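A structural walkthrough
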Amino acid sequence: MPPQGAVLFVGSSSIRMWHDDLAKDLAPLTVIGRGFGGSNTNDLLHYADRIVVNYKPRAIVIYEGDNDVAQGIEPDEILAAHTKLLNKIQADLPGCRVYLLAIKPSIKRWDMWPTMNEVNQAFAALAKERKAVTYLDIATPMLGDDGKPKPDLFIKDNLHLNRKGYELWRDTIRPA
């Protein structure tokens, strides 16, 4: 088991694909990567005891919502699932800080961006209502001057991040 009191990163493949560089990127923090590809918020909620609570982290960074929108889940349902997840975390891990990452804009899912942005606004509002919850806007720095995703941040699939994309995330997350 990894040590208790670490910073836990959970969520979909955008977190999973960062596992190899996560510890180096956020050193000297002790971090645990537990992303799993294709997941949505309800999946994370279902496995929360196993991959969140079990580690007894001091902080949790969550990236979910991208696949939720792609699967056609309505924004209010995504927000409800996030609320349930936060309720669980705050009940089972009192004092644990939670960082909600914005849904990233991507070239592949650009047609879904209006809905994703709506969810991001809801995440920001949810974080303002909650003690120990912070919304981190990783989305805005990923947009170019033309208001569209910067192509140089993605691997060939135009959905997942390359090294430059993760460096941008690192530089946004680290100060928090």
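Our structure is the block above this text.
Residues numbered from 1 in each chain as written. Predicted model: local features only at pLDDT ≥ 70, side-chain atom pairs only at ≥ 80, totals over all residues. Heavy atoms only, no water.

Considering the overall build of the protein chain
A count of helical and extended segments in the protein chain gives eight helices and five strands. In the protein chain, the succession of helices and strands from N to C terminus is β-α-α-β-α-α-β-α-α-β-α-β-α. Rg of the C-alpha trace for the protein chain: 15 Å, near the compact-globule value of 16 Å for 176 residues, within the 12% margin. Out of the 176 residues in the protein chain, the part that is buried amounts to 48%. Pairs at least 24 apart in sequence give 73% of the contacts found in the protein chain among residues at least 6 apart. Computed over 22 positive and 22 negative side-chain charges, the inter-centroid distance for the protein chain is 7 Å. (Helix = DSSP H or I, 4+ residues; strand = E, 2+ residues; numbered from the N terminus. Rg over C-alpha atoms; globule rule 2.2 N^0.38 Å. Buried < 20%, exposed > 50% of the residue type's maximum accessible area, 1.4 Å probe, protein only. Contact = heavy atoms within 4.5 Å. Lys, Arg positive; Asp, Glu negative; His and termini not counted. Charge placed at Lys NZ, Arg CZ, Asp CG, Glu CD.)

Focus: the packing of aromatic side chains
Applying the stated criterion across every chain yields a total of seven aromatic pairs. With 5.6 Å between their ring centres and 80° between their planes, F9 and W18 make a pair best called edge-to-face. A residue is classified by how much of its surface remains accessible, and W18, at 0% relative accessible area, is buried. Three or more aromatic residues joined by ring pairs form one cluster here, namely F9, W18, Y63, Y166 and W169. (Phe/Tyr/Trp six-rings, centres within 6.5 Å; stacked < 30°, edge-to-face > 60°.)

Observations regarding the side chain of D66
Inspection of the secondary structure assignment puts D66 in helix α5 (residues 66-70). Relative accessible area serves as the criterion here: at 3%, D66 is assigned to the buried category. Here Y63 takes part through its side chain, which lies 2.7 Å from a polar atom of the side chain of D66. A distance of 2.7 Å separates polar atoms of two side chains, one belonging to D66 and the other to K104. (Polar contact = N/O pair within 3.5 Å; in protein donor to acceptor, adjacent residues only side chain to side chain.)

Things to note about the sheet that holds strand β5 (residues 133-136)
Reading across the sheet, the five strands line up as β2-β1-β3-β4-β5 and stay open at both edges, with parallel pairing between neighbours. Each end of this open sheet is capped by a strand with a single partner; those strands are β2 (31-35) and β5. Within the sheet, the average angular offset between the axes of one strand and its neighbour, ignoring direction, is 20°. For strand β3 (residues 59-63) and strand β4 (residues 97-101), the ladder comprises four bridges, and the chain directions are parallel. Across the sheet, the residue bridging to A59 is R97, located in β4. Each of β4 and β5 is contacted by helix α7 (residues 113-129), which is oriented at about 150° to β5, the strand it contacts most. (Pairing = 2+ DSSP bridges. Axes fitted to C-alpha atoms, helices over the stretch in contact; angles between N-to-C directions.)

Some words on helix α8 (residues 163-173)
Along α8, the residues classified as buried are G165, Y166, L168, W169, R170 and I173. Where α8 is buried, its residues meet β1 (7-11), α1 (13-16), α2 (19-25), β3, β4 and β5. Among the residues of α8, the N-terminal cap falls to N162, whose side-chain oxygen and the backbone nitrogen of K164 are separated by 3.0 Å.

These figures come from the coordinates and say nothing about function on their own.
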